[in-house]
Amino acid sequence: MSALKIKKGATSHSAYNLRPNYSDTIEQHTLAVLVENEPGVLARVIGLFSGRGYNIDSLTVAEVDHLGHRSRITIVTSGTPQIIEQIKAQLGRIVDVHKVNDLTVEGPSVERELALFKVSGKGENRIEAVRLADIFRANVVDSTLESFIFEITGTPEKIDAFAELMQPLGLQEIARTGVAALSRGAV
């Protein structure tokens, strides 16, 4: 008598679901976390990420309710769906956290980032930098005979594309704010 050679999850006729119910694809999620504006809260939130080896792609924090003494932390992070769910659950357990929203799965949202670019150049490179800035709707906020500082607002992809095009034209420095995001529509 020979042993049955059944591959795991190979048939839909099985009485058991042998297929894994999780995904191993890495996804990027934007989390909006409403917290008490107290000393040490940000350190606890960031400690959750660093203690478990999770990466933060973008982080912005600002007070949003002065009277209620609350701040909003916007975190862009990457991971498998299971890791993202674990992050949300662990954030929700932190005492000073009032609410955790995953803007990526809760519906349409608006994400913007502000960046400053210092570009040095002369001649044709200088002219081309101003042309590209105009196309990207970037503003010149400072100008010297040797350089420009451009201010640009948009999606992180737009900021990345602008940086890539400015590189050969004399890009010297970049300062980025990180992502600010809100869900669209009614609350």
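Residues numbered from 1 in each chain as written. Predicted model: local features only at pLDDT ≥ 70, side-chain atom pairs only at ≥ 80, totals over all residues. Heavy atoms only, no water.

**Some thoughts on helix H4 (residues 156-166)**
In an α-helix, one full turn covers 3.6 residues, which means residues spaced three or four apart are oriented alike. Taken together, the buried positions of H4 are occupied by Pro156, Ile159, Phe162, Ala163 and Met166. In an axial view of H4, the angular spread of the buried residues amounts to 125°, which keeps them on one side of the axis. The outward face of H4, more than 90 degrees from its buried face, is lined by the exposed residues Glu157 and Glu164. Those residues of H4 hidden inside the fold are in contact with strand E5 (109-120), helix H3 (124-135), strand E7 (147-154) and strand E8 (171-176). (Buried < 20%, exposed > 50% of the residue type's maximum accessible area, 1.4 Å probe, protein only. Helix = DSSP H or I, 4+ residues; strand = E, 2+ residues; numbered from the N terminus. Arc of directions from axis to C-beta. Contact = heavy atoms within 4.5 Å.)

**Comments concerning the side chain of Asp102**
Residue placement: Asp102 occurs in strand E4 (residues 97-102). Each residue touching Asp102, except ones within four places of it in the same chain, is listed here: His29, Thr30, Leu31, Ile84 and Lys88.

**Notes on the environment of Leu116**
Counting through the fold element by element, Leu116 comes out in strand E5. You can call Leu116 partly exposed: its relative accessible area is 36%. Through-space distance from the C-alpha of Leu116 to that of Val141 is 8.9 Å; in sequence the pair is 25 residues apart. Ignoring sequence-local partners within four residues, the contact set of Leu116 consists of Val141, Ile149, Phe150, Glu151, Glu173, Ile174 and Ala175.

**Re the pattern of salt bridges**
This structure, assessed with the given rule, holds 9 salt bridges. A salt bridge links Glu124 to Arg131; the shortest N-O distance between them is 3.6 Å. Residue Arg131 is classed as partly exposed on the basis of its relative accessible area, which comes to 44%. Notably, a salt bridge pairs Asp160 with Arg176, separated by 2.7 Å at the nearest N-O pair. A residue pair is termed long-range when its members are at least 10 positions apart, and Asp160 in helix H4 and Arg176 in strand E8 qualify at 16 residues. Under the relative-accessibility criterion, Arg176 is labelled partly exposed at 37%. (Salt bridge = Lys/Arg side-chain N within 4 Å of Asp/Glu carboxyl O.)

**Brief notes about the sheet that holds E4**
If you trace the 4 strands from one edge of the open sheet to the other, you get E2-E3-E1-E4, paired in antiparallel fashion. Each end of this open sheet is capped by a strand with a single partner; those strands are strand E2 (56-65) and E4. The average undirected angle you get between the axes of adjacent strands in this sheet is 20°. As paired elements, strand E1 (residues 27-36) and E4 share 5 bridges and run antiparallel to each other. Its bridge partner lying in E4, Ala32 is registered against Asn101. Sheet contacts for helix H1 (residues 41-52): E1, E2, strand E3 (70-79) and E4; angle to E3, the most-contacted strand, approximately 10°. (Pairing = 2+ DSSP bridges. Axes fitted to C-alpha atoms, helices over the stretch in contact; angles between N-to-C directions.)

Geometry only, nothing functional implied.
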